[in-house]
Amino acid sequence: MRMAQSIPKTPQALASEIHIKALDNSTCFLLLEGDFDLRFWETRLNPHDLRPVECGGKPAVLATLNQLQGQVVLQRVFGLVDADFDRVLNRAKPPRVVYTDEADLETSLLLLQCSLPAQMNMERLLAATVDADKKRTFEQHKGCSLVEHVRRTALQFGVLRLLNEQQGWCVSFEKFSVLNSQWFDRGELTLRIPDLHRAFIAKLKEVGHGIELQQLSDLIQSCEQHGWFSSWQLVQGHDLLAVLAALMNSELLRRSSGRQQVSETSLQRDLLLMHWHDLQTCQMVRDLSAAVPAGQRCFHT
C-alpha cells in the first residue's frame, strides 16, 4: 500500500505517519519526491518489504529523514531522489539517500540502454514517431545525431539552471521555458542561444542582479572548461522532455501520417512502461538493493 498525498504534508507530519505505520510491521519505507516517481516505482517495489512514500519534493524527502534522526525507525527509511547538480557541485550525498543515475529520473530512463531492441530508450521513442529519411537529412544538416542535437539543446538551458543554483541568483524557471518562441525556432528546431542569454540577463535584473552578458558568457565558458558540456550531467528531465516532444511533433521530422501529437505527459506515460529487465542495469536499483537490510527484497522480479 502506497502513502500518497493530494495535499502536501510537512516533513514533521510525514515522519509521524511513518513512525506510526512502522509500529505493527517490519516494512521499510522509500521516500520519493513526487507523483511521477511514485507511479514509476510503486508497481516495481515489493510492498511487503519496501513501501513508497510521496513527500512532495526533494527538500521534503531530506527534511523528513532529518526529522527521523535519533529514532529507531530511521534504520528502515531510505530516500530516492534526483541527483540534480549535486555531483557537479561536489555536494556530499546525505546519509540513507540513493541518487538517480542521471540528474533526475526522467533523464535516467531516457538514457537507459534497452535490450529489445538494443538501443537507448530515447532512440526507441524517437523511432516510433520520426521519419527515417527526414531524420537522416536533419542529421546531415546539423552535423550530429538527432539524440546529440537534443542533448545540446537541453544542455544550453541546463547550464543556466546550474549557474542559477551555483550563484544563488534565485531566478524562477517556472515560466521560463526552453521552447519559448523568443529563443526557440520551432521551424528549424534550433535554440537561438544569444537570444536566450539576453532574456536570462533580463530575468536576472528583475531579481536584482546586474549581471552583464560578458559575465554570463564567462561563467558558461567556465562550465564548459570543466568538461560539463560533453556529457548529460547538466541536462534536466523537464527540458529534455520538452525538446523531445517538440522534435517528435515537428513537420521537419515526424512521419506524414499515423501518429498522434506527443506531449511531455505522453512521454512520461511511455517511461512508466519500462521493462524490469532493462531497469536492473541502473545504478540506483543496485544501490537501493544494497541499502535495505539483509533478507529483504526491494523489487518484484
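Let us look at the structure shown here. Note that the structure is a prediction, hence the values are computed from the model and not measured.

## What to know about the overall build of the chain
Here's step 1: The helix and strand inventory of the chain stands at 13 helices and 8 strands.
Here's step 2: The C-alpha atoms of the chain give 21 Å as radius of gyration, which agrees with the globular expectation for 301 residues (19 Å, within 12%).
Here's step 3: Its C-alpha atoms give the chain principal-axis dimensions of about 60 × 50 × 35 Å.
Here's step 4: In the chain, buried positions account for 50% of the 301 residues.
Here's step 5: Total accessible area computed for the chain in this model is approximately 14500 Å², and 50% of it derives from carbon and sulfur atoms.
Here's step 6: Side chains of the chain carry 32 positive and 35 negative charges; the gap between the two charge centres is 3 Å.

## Concerning helix 3 (residues 58–67)
Here's step 1: Among the residues of helix 3, those classed as buried are Lys58, Ala60, Val61, Thr64 and Leu65. Viewed along the axis of helix 3, the buried residues span an arc of 165°, placing them on a single side of the element. Across helix 3 from its buried face, at more than 90 degrees, point the exposed residues Pro59 and Asn66.
Here's step 2: Taken together, the buried residues of helix 3 touch helix 1 (11–21), strand 1 (28–32), strand 3 (77–81) and strand 4 (97–99).

## A look at the packing of helix 8 (residues 193–206) against helix 9 (residues 213–225)
Here's step 1: With their axes 10 Å apart at the nearest point, helix 8 and helix 9 run at an angle of 110° to one another. Comparing their axes, helix 9 and helix 8 come out roughly perpendicular. Seen from above, helix 8 lies across helix 9 with right-handed handedness. Packed against helix 8, whose contacting residues are His197, Arg198, Phe200 and Ile201, the element helix 9 presents Leu213, Leu216 and Ile220 at the interface.
Here's step 2: Here the contact of helix 8 with helix 9 is composed, by residue class, of 5 nonpolar, 1 polar and 1 charged.

Cut-off values and rules
- Residue positions are given per chain, counted from 1 along the sequence in the order it is written.
- Note on the predicted model: pLDDT of at least 70 is required for a residue's local features to be given, and 80 or more for side-chain atom pairs to be given and counted; whole-chain, interface and lining totals, by contrast, use all residues.
- The basis for the side-chain values is all heavy atoms of the structure; hydrogens and waters are excluded.
- A helix here means a DSSP run of H or I that spans at least four residues, while a strand means a run of E at least two residues long, and both kinds are numbered starting from the N terminus.
- Based on C-alpha atoms, the radius of gyration is set beside the globule rule, defined as 2.2 Å times the residue count to the power 0.38.
- Here the term buried applies to any residue with accessible area under 20% of the maximum for its type, exposed to any over 50%, and partly exposed to those in between, with areas from a 1.4 Å probe on protein chains only.
- The Shrake-Rupley method, run with a 1.4 Å probe sphere, supplies the accessible areas, and residue values consider only the shown protein chains as cover.
- Note on charges: Lys and Arg go in the positive column, Asp and Glu in the negative column, and His and the chain ends are not counted at all.
- For charged residues, the charge sits on one atom: NZ in Lys, CZ in Arg, CG in Asp, CD in Glu.
- When we speak of the arc, we mean the arc of directions from the helix axis to the C-beta atoms.
- Residue contacts are counted whenever heavy atoms from the two residues lie within 4.5 Å of one another.
- Axis definition: a line fit to C-alpha positions, over the contact stretch in the case of helices; interaxial angles, taken between N-to-C directions, run 0 to 180 degrees.
- In these notes the angle categories are as follows: under 35 degrees is roughly parallel, over 145 is roughly antiparallel, 65 to 115 is roughly perpendicular, and the rest is oblique.
- Two helices cross in a left-handed way if the nearer one is turned anticlockwise from the farther one by less than a right angle. They cross in a right-handed way if the turn is clockwise.
- Asp, Glu, Lys and Arg are counted as charged, while Ala, Val, Leu, Ile, Met, Phe, Trp, Tyr, Cys and Pro are counted as nonpolar; the rest, among them Gly, fall into the polar class.

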